[in-house]
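# Structure at a glance
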Amino acid sequence: MVEKSLRVRKIKHGTVIDHIAAGKALMVMKFLEITGNEGDIVSIAMNVPTGKLSVMKKDVIKIENKELNAEDYDKIALISPEATVNIIRDFEVISKEKVTLPKTIQGIITCINPNCVTNASEPVQPQFDIESNKPLLMRCHYCGMIMNKEDIISIL
Ligand code: CTP
Ligand code: ZN
């Protein structure tokens, strides 16, 4: 079989975040707080054709020697709900999961309302209920503020 041309080589251990919406890889990186200072190899490919004849494009992030946690999956889902996360061990894909938005988001995003109790010096963890997936709308559990994707991106 003729190997599809590989823009970025296969990895031995780690995580491949695939099918990220084209152009969103850097936002995902920022949200996951992957800076490159961790020392492991991180490869980012942006605007890659999804198939040989396809005009569709995607971004791909390969993070070597790191396996993501549940909170990371939620973060990816907020930026790019079509993404899949592949865990690689010894060159094999041992798990492939499409990210999904949970009904509530806890702790990972702060409310944009400066008067919200979660922004006061109280020890209250931010919490949002997902109102709609497409377009993404979430409501602050405490002050009722509705935030959309642009609001989330603006505070990353
Ligand atoms: N991958 C990798 N290193 C490996 C194995 C896989 O970097 N050792 C990458 C592939 O390049 C691909 C992703 O992980 O971007 C998923 O691999 P695989 O499931 O083999 O590819 P597809 O079948 O094309 O995935 P999908 O059906 O999810 O599009
Ligand atoms: Zn709030």
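Being a predicted model, the structure only gives us computed values, none of them experimental.

Thresholds applied
Residues numbered from 1 in each chain as written. Chains lettered and ligands numbered in written order. Predicted model: local features only at pLDDT ≥ 70, side-chain atom pairs only at ≥ 80, totals over all residues. Heavy atoms only, no water. Helix = DSSP H or I, 4+ residues; strand = E, 2+ residues; numbered from the N terminus. pLDDT = per-residue confidence, 0-100. Donors = N, O, S within 2.8 Å, 3.2 Å for Na, K, Ca; no water. Buried < 20%, exposed > 50% of the residue type's maximum accessible area, 1.4 Å probe, protein only. Patch = residues over 30% accessible without salt bridge, like charges linked within 9 Å, V, L, I, M, F, W, Y side chains within 5 Å. Areas by Shrake-Rupley, 256 points an atom, 1.4 Å probe, with all protein chains shown as cover. Salt bridge = Lys/Arg side-chain N within 4 Å of Asp/Glu carboxyl O. Pairing = 2+ DSSP bridges. Axes fitted to C-alpha atoms, helices over the stretch in contact; angles between N-to-C directions. Polar contact = N/O pair within 3.5 Å; in protein donor to acceptor, adjacent residues only side chain to side chain. Core = buried A, V, L, I, M, F, W, Y, C linked by side-chain atoms within 4.5 Å. Contact = heavy atoms within 4.5 Å.

Right, let's get into the environment of Val28. Relative to the assigned elements, Val28 resides in helix α1 (residues 25-31). For the pair formed by Val28 and Pro123, sequence separation is 95 residues and the distance between their alpha carbons is 27 Å.

Let's shift gears to the confidence of the model for the protein. When pLDDT is low, close inspection of the predicted coordinates is not appropriate. Predicted confidence across the protein gives a mean pLDDT of 92, with 96% of residues reaching 70 or more. Per-element confidence in the protein ranges from a low mean pLDDT of 92 for helix α3 (residues 149-155) to a high of 98 for strand β8 (residues 137-140).

Distances from the zinc ion (ligand 2) to its protein donors, Cys111 (SG), Cys116 (SG), Cys140 (SG) and Cys143 (SG), fall at 2.3 to 2.4 Å. Taken in chain order, the donor set of the zinc ion (ligand 2) reads C-x4-C-x23-C-x2-C. With a gap of 32 residues between them, Cys111 in the loop between β6 (104-106) and β7 (127-132) and Cys143 in the loop between β8 and β9 (146-148) connect regions that are remote in the sequence. By relative accessible area, Cys143 is classed as partly exposed at 34%.

On to a nonpolar patch on the surface, then. Together, Leu26, Ile44 and Met46 make up an exposed nonpolar region whose accessible area comes to about 250 Å². One can find Leu26 in helix α1. Accessibility expressed as a relative area gives 52% for Leu26, which makes it exposed.

On to the sheet that holds β8, then. Taken together, 4 strands build an open sheet; the order of strands is β6-β7-β8-β9 and the sheet is antiparallel. Two strands in the sheet have a free side with no partner beyond their single neighbour: β6 and β9. On average, each strand axis in the sheet is tilted by 30° relative to the strand beside it, whichever way the strands run. Note that β7 and β8 share 4 bridges and pair antiparallel. Across the sheet, the residue bridging to Phe128 is Cys140, located in β8.

For helix α2 (residues 70-79), the tally of buried residues reaches 7 of 10 residues, placing the bulk of the element in the interior. For α2, the side-chain oxygen to backbone nitrogen distance between the N-cap and Glu71 is 3.1 Å, and the N-cap itself is Asn69.

Bringing the nonpolar core into the picture now. Of all hydrophobic cores here, the largest spans 32 residues; its most connected members are Ile17, Ile76, Leu78 and Ile109. Breaking this core down by element, the ones donating at least two residues are β1 (14-21), α1, β3 (57-64), α2, β4 (84-89), β7 and β8. Beyond its immediate chain neighbours, meaning those up to four positions away, Leu78 contacts Phe31, Leu101, Ile105, Ile108, Ile109, Leu136, Met138, Lys149 and Ile152.

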